[in-house]
Amino acid sequence: MNGLVLMPTVAENRTSFFTDAEVVEPIVETVELPNHFIQANTVEVTLEHLANDCVTPVFAKDNELTINHVSFIHTVEDCVKDFFRGEQVNDAQVRASHVIKGRVPSAIHKPANQLLESDKTIYYERCAFSIDVPTIYQDINGNRLYLSVVGVRAYNQQNLYSKKVPELFRVAIGFKNSVCCNMCVFTDGYKGELRVSSTRELYLRVMELFNQFNPAKQIHLMQQLCNSSLSEHQFSQILGKMRLYQYLPMRQQRNIPRLLITDTMINSVAKSYITDENFSSYGTDINMWKFYNLLTGANKSSYIDTFLDRSLNASEIAMGINGALNNTDERYKWFID
């Protein structure tokens, strides 16, 4: 798998991206996923709702339009279809949160309880979507992982009170665990500071991301997690060290790899260790693959604007602790010593 990189395919010359992956025909049944790739306080929305029922925010000082959620989704969707030509590309699953409400001018003086639907305006401050490519997949430890592209837009991280400036987007390409919809994000598959001024520029930057992504490397690293295990004592100690992390003096924190996982997420990992139907290991050793999925599962409770950064951090933590167990990464020894 050394040097193997993701390249676009064509229908006449389809090849596997992985030496041991299965090649399937592009016409397959859409997989029904049991839950969402992100939950938190989000709601499922349709592209039609975003396009027809939501206004587009502007930059206040010059009234220039932002790139709205629909344009963002359609642009990334075009990238996926162009890059993976010949593969099945599922419709985008869209989640949104933090609705911003307004009124049309004619309804400014109406009492709130007398407002008609036609009097209201809304848009969602934060939006995330996932586009799956189910014909590109790999099985790990009995779990099927599909290639997936995730995009995040959060207007709260954009200064809309200024003149128009390059706008911030986040895009990731990685694998989604089909049994739980947990998203696996690695460094070469993530752009966390993607700033562009047009959909054309956005298209080019997303295509650059797809070109630099190495799926074989990511699959190899995740397979390595199946070869290491934590005892219950080690697992409990790691959770305890995670709780301590945020209270350490800053000078000590700087000597430890970053940890973005919150107390709420740590509680979720502890609960899932006992109750999760797919990754519970209470009373036995837990392999690092299951530990990783407990982390990515807990991350689904993150707000949209922090979701992808924490997804990446979950991968960093799992890989780092796995390296510490195998004496190949001294930086993460603090979590297990």
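The sections below set out a description of the structure shown in this document. (Residues numbered from 1 in each chain as written. Predicted model: local features only at pLDDT ≥ 70, side-chain atom pairs only at ≥ 80, totals over all residues. Heavy atoms only, no water.)

Locating Leu-230 in the fold gives a position in strand 10 (residues 229–230). For Leu-230, a relative accessible area of 0% corresponds to the buried category. Taking C-alpha positions, Leu-230 is 8.5 Å from Phe-291, a pair spaced 61 residues apart along the chain. (Helix = DSSP H or I, 4+ residues; strand = E, 2+ residues; numbered from the N terminus. Buried < 20%, exposed > 50% of the residue type's maximum accessible area, 1.4 Å probe, protein only.)

Once that is clear, we can look at the nonpolar core. In terms of nonpolar packing, the biggest core is built from 80 residues, with Phe-210, Met-222, Met-242, Phe-291 and Ile-321 touching the most fellow members. By residue number, the principal contributor to this core is strand 5 (residues 120–140), which donates eight residues. Counting 13 residues, the second-largest nonpolar core is a separate cluster that includes Ala-128, Val-150, Val-185 and Leu-312. (Core = buried A, V, L, I, M, F, W, Y, C linked by side-chain atoms within 4.5 Å.)

What follows covers the packing of aromatic side chains. Taken as a whole and judged by the stated rule, the model has 15 aromatic pairs. Centre to centre, the rings of Phe-72 and Phe-169 are 4.7 Å apart; their planes meet at 50 degrees, and the pair counts as tilted. Residue Phe-72 is found in helix 2 (residues 69–83), and its partner Phe-169 is found in strand 7 (residues 167–177); the two are separated by 97 residues along the sequence. Taken as a pair, Phe-72 and Phe-169 share a single burial class, namely buried. Of the aromatic side chains, those joined through ring pairs into one cluster are Phe-235, Tyr-273, Tyr-282 and Phe-291. When the ring centre of Trp-334 is taken as origin, the NZ or CZ atom of Lys-241, which lies over that ring, is 4.7 Å away. (Phe/Tyr/Trp six-rings, centres within 6.5 Å; stacked < 30°, edge-to-face > 60°. Lys NZ or Arg CZ within 6 Å of the ring centre and 35° of its normal.)

Next up on the list: the packing of helix 8 (residues 288–299) against helix 9 (residues 304–325). Put simply, helix 8 and helix 9 touch, their axes get as near as 9 Å, and they point 160 degrees apart. Taken as axis vectors, helix 8 and helix 9 run roughly antiparallel relative to one another. Relative to helix 9, helix 8 is oriented so that their crossing is right-handed. Residue-level inspection shows Met-288, Phe-291, Tyr-292, Leu-295, Thr-296 and Asn-299 of helix 8 in contact with helix 9, the latter providing Phe-307, Arg-310, Ser-311, Ala-314, Ser-315, Ile-317, Ala-318, Ile-321, Asn-322 and Leu-325. (Axes fitted to C-alpha atoms, helices over the stretch in contact; angles between N-to-C directions. Parallel < 35°, antiparallel > 145°, perpendicular 65-115°, else oblique. Left-handed = near helix turned anticlockwise from the far one by under 90°. Contact = heavy atoms within 4.5 Å.)

With that out of the way, let us pick up the pattern of salt bridges. One pass over the full model with this rule turns up 14 salt bridges. As a salt-bridge pair, Glu-117 and Lys-120 come within 3.2 Å of each other at their nearest N and O atoms. Exposure remark for Glu-117: the relative accessible area of 63% places this residue in the exposed category. According to the relative accessible area criterion, Lys-120 is partly exposed, its value standing at 38%. The salt bridge involving Glu-125 is made with Arg-126; its shortest N-O contact spans 2.9 Å. On the basis of relative accessible area, Arg-126 is assigned to the buried category, the value being 9%. Each member of the salt-bridge network shares a partner with another, and the members are Glu-125, Arg-126 and Asp-305. (Salt bridge = Lys/Arg side-chain N within 4 Å of Asp/Glu carboxyl O.)

Another point: the packing of helix 5 (residues 232–245) against helix 8. Helix 8 packs onto helix 5 with a crossing angle of 35 degrees between their chain directions and a minimal axis gap of 13 Å. The chirality of how helix 5 crosses helix 8 is right-handed. Every residue of helix 8 that contacts helix 5 at Phe-235, Ile-238 and Met-242 is listed here: Phe-291, Leu-294 and Leu-295. Class assignment for the residues of the contact of helix 5 with helix 8 results in six nonpolar, no polar and no charged. (Nonpolar A, V, L, I, M, F, W, Y, C, P; charged D, E, K, R; others polar.)

We now examine helix 3 (residues 199–212). Its 14 residues give helix 3 an end-to-end C-alpha distance of 20 Å, which sits within 8% of 20 Å, the value for a rise of 1.5 Å per residue. All of the buried residues along helix 3 are Leu-202, Tyr-203, Val-206, Met-207, Leu-209 and Phe-210. Down the axis of helix 3, the buried set is contained in an arc of 155 degrees. They therefore lie on one face. As for helix 3, its buried residues are in contact with helix 2, strand 6 (143–154), strand 7 and strand 9 (190–196). (Expected span 1.5 Å × (residues − 1). Arc of directions from axis to C-beta.)

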